[in-house]
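Structural overview for review
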Amino acid sequence: MAVITLEGEPYGDLPTDLYIPPEALSVFLEAFEGPLDLLLYLIRKQNLDIINIPIAQITQQYMHYIELMRDLQMELAAEYLLMAALLAETKSRSLLPRQERFEEEIEDPRMVLIKRLQDYERIKLAAEALDELPRIERDIFLTAVDTSTVEIEKVQPEVNLQELVLALQTVLQRANRLSKHVITKEPLSVRERMSMILEKLEDAMPLSFGSLFAYDEGRSGVVVTFLAVLELSKANLIDILQLEPFAALSISKRVVV
Amino acid sequence: MSEQHEMPTFMGETKKIKRIIEALLFSASEPMTVPQLLEIFPELERPNKKQIQRALDDLTEEYGQQAIGLHKVASGYRFQVKTDVAPWVARLFAQKPPKYSRALLETIAIIAYQQPVTRADIEEIRGVSVSSNIIQTLLERTWIKVVAHKETLGRPALYGTTKQFLDYFNLTTLDEMPPLKALQELADAGAIDV
Amino acid sequence: MSEQHEMPTFMGETKKIKRIIEALLFSASEPMTVPQLLEIFPELERPNKKQIQRALDDLTEEYGQQAIGLHKVASGYRFQVKTDVAPWVARLFAQKPPKYSRALLETIAIIAYQQPVTRADIEEIRGVSVSSNIIQTLLERTWIKVVAHKETLGRPALYGTTKQFLDYFNLTTLDEMPPLKALQELADAGAIDV
């Protein structure tokens, strides 16, 4: 453990010095991670072996600190008091005559304490060793090179037809439930053609009915276009006009005022 | 940790300066200038500008054959990826393709099957509003286009699918999309698990 | 952007793979494993694991004399500054590296050596309560993660360390951590100064 210094003076010998200024005691206590740490300090300070700790002696020293801190009305974590109680119990037990059979059945509190001290000391040393390991930010530095010249292509989400169908499926089921809207069921090429005709009419110039047909599309093409015109008319998107009997039909976008 | 006791003693001054600068330029997050590099050396050990410049020149040559090289840019020197390997680095950075939302898929499905449609039409079918974001995304992807404007109040845009949309799904015409009627029947029969 | 037309044609396959891996490792912000490196190559041009490993070994040797070198840690390979020049790089950063409290170090040590452990286990060993702050800090640094929940009252989280924890301490596996002193050793060393 590092030697505690207060105002430049080392306070490593605190325990033997009975008069301790309250501030120093507070610093002293803060240097410990808890009662186990304090106990370890007391044991190691006297070159004692954990296995053979003289419980009575250690308990006395520990209690001494606790009392001192209480007298100074310092805030003491509950764990310290708990340990004091545990030590007192262990000490009184060790003073009692051994009752072999009875003792075997319950755990020897002294052995429990020794085990805890050993476990804690192992971790304490492991933590110190860990702190010594080379680590990033202090001993290990990573490299970075400039990659701003690398062009990154934006990746577009992928969709397959199945997903699209499933999406529509959901819509249809919901639409059915709403039952307000019935989706029309003509061939999709008709709907596609409807878009194309509207696009042609977008410039607001009326077109002759005949000019909508491309004869190289054959019979089915003509049917698709014809159905599309009817659908557009039904949807009130276009007007089909015949200015005089037997004149050519003209198609224009419907303007709703 | 002592400052440099591990640096081989046989290493000449020039080599040592080069080595330090190499490490600095690789660790710095920004390009470094000659004065900035000088600044790192403690005053008593500080080389002169010429020594720094020589180290930079040596390093530029040394990395000539590597996949990364030392470059001088406006704000100093920095190591950067060579152009021939840049496409591979681009593959590293290429994010996993994002996913389209359910709402977007429904919207494009409605436009495909019901075109030409206005946003209001889509909202009516879906039973919920359609965010501008979705329409924007589909327009940017060039999967839909405004084919016309409906001559009603506000002249709302009428959307239709594009040739790019068909191309993406490997279709020649929209007719090759799964027929709606069959879908409807399947839906009615509850055979398709949604 | 065409894929590799600038790559010299005379360059052999082995050399090309090495060059690409060099660029990738320098550009990646995290260490990369052999499978991750393989993943970058298009399927048809993908080398095998042995070729990647050879490139890594070659690069390790190639950078043997440089101020930076290729290093293997828990989550893969990364380039890092060699220890002899690290003190110079440290001067580059104005901020002092973070110091960790004994409480934090003891907590992470318990988790590392005894994982999986609950917070109660940690408190039992340390003899004091563990502040939520410490657990939170360790989780945020991604040094620890919740590996499971103990099937007891309250189903407390069981913590374990992560690869990032090992990376931070320059380790490849937990086995490389300093060995825990055996009980007997500690007993024998009763005189050690603490």
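Residues numbered from 1 in each chain as written. Chains lettered and ligands numbered in written order. Predicted model: local features only at pLDDT ≥ 70, side-chain atom pairs only at ≥ 80, totals over all residues. Heavy atoms only, no water.

Let us now look at the packing of helix α3 (residues 55-71) of chain A against helix α4 (residues 78-95) of chain A. All names here are of chain A. At their nearest, the axes of α3 and α4 sit 10 Å apart, and the two run at 145° to each other. By crossing handedness, the relation of α3 to α4 is classed as left-handed. Counted together, I55, A56, T59, Y62, M63, I66 and R70 of α3 and Y80, L81, M83, A84, L87, A88, T90 and K91 of α4 form the full contact between these two elements. A class-by-class count of the residues in the contact of α3 with α4 yields eleven nonpolar, two polar and two charged. (Axes fitted to C-alpha atoms, helices over the stretch in contact; angles between N-to-C directions. Helix = DSSP H or I, 4+ residues; strand = E, 2+ residues; numbered from the N terminus. Left-handed = near helix turned anticlockwise from the far one by under 90°. Contact = heavy atoms within 4.5 Å. Nonpolar A, V, L, I, M, F, W, Y, C, P; charged D, E, K, R; others polar.)

It is worth spelling out the interface of chain B and chain C at this point. Many analyses report the size of an interface as the accessible area lost when the parts associate. In this assembly, 38 residues from chain B lie in contact with 38 residues from chain C. It is R19, D84 and W88 of chain B in chain B that bury the most area against chain C; as a group they hold 22% of the surface buried on that side. The interface formed by chain B and chain C holds two salt bridges in total. Between R19 of chain C and D84 of chain B there is a salt bridge whose closest N-O contact spans 2.7 Å. Across the contact surface, chain B and chain C share 16 residue pairs in polar contact (both at pLDDT 80 or more). (Buried area = accessible area lost by both parts, 1.4 Å probe. Salt bridge = Lys/Arg side-chain N within 4 Å of Asp/Glu carboxyl O. Polar contact = N/O pair within 3.5 Å; in protein donor to acceptor, adjacent residues only side chain to side chain.)

Glancing now at the confidence of the model for chain A. Interpretation of the predicted coordinates at a detailed level should be avoided for regions scoring low in pLDDT. Across chain A, the average pLDDT comes to 77, with 79% of residues at or above 70. Low pLDDT, under 50, characterises residues 1-15 of chain A; the stretch is placed with 30 contacts to residues that sit more than four places away or in other chains. (pLDDT = per-residue confidence, 0-100.)

Of the residues making up helix α4 (residues 86-93) of chain B, those classed as buried are A86, P87, W88, V89 and A90 of chain B. Against β2 (76-81) of chain B together with α1 (13-27) and α2 (34-40) of chain C lie the buried residues of α4 of chain B. (Buried < 20%, exposed > 50% of the residue type's maximum accessible area, 1.4 Å probe, protein only.)

This part is about the sheet that holds strand β4 (residues 238-241) of chain A. Residue and element names in this part refer to chain A. Within the open sheet, the three strands sit side by side as β3-β5-β4. Their pairing is antiparallel. A single partner strand is all that each edge strand has here, and the edge strands are β3 (207-208) and β4. Here β3 pairs with strand β5 (residues 250-253) via two bridges, running antiparallel. Within β5, the position partnered with L207 by the bridge is I251. Lying over the sheet, helix α8 (residues 188-201) contacts β3, β4 and β5, oriented at roughly 85° with respect to β5. (Pairing = 2+ DSSP bridges.)

Quick look at the packing of aromatic side chains now. The full count for this structure, using the stated rule, is 25 aromatic pairs over all chains. Each ring, one from W143 of chain B and one from F165 of chain B, has its centre 6.0 Å from the other, and the planes form 75°; the classification is edge-to-face. Taken together, the residues W143 of chain B in the loop between α7 (132-140) and β3 (144-149) and F165 of chain B in helix α8 (residues 163-168) connect sequence positions 22 residues apart. With respect to burial, W143 of chain B and F165 of chain B carry one shared label: buried. Chaining the aromatic ring pairs together yields one cluster made of F26, Y63 and F79 of chain B together with F26, Y63 and F79 of chain C. (Phe/Tyr/Trp six-rings, centres within 6.5 Å; stacked < 30°, edge-to-face > 60°.)

Moving on, we get to the confidence of the model for chain B. Residue and element names in this part refer to chain B. Per-residue pLDDT for chain B has a mean of 85; in total, 86% of the residues score no lower than 70. By mean pLDDT, helix α9 (residues 180-189) is the weakest element of chain B at 55, and helix α3 (residues 49-62) is the strongest at 95. Taken together, the stretch residues 190-194 has pLDDT below 50 and engages in eleven contacts with residues farther than four places along the chain or on a different chain. Reported for the predicted complex are a pTM of 0.67 and an ipTM of 0.71.

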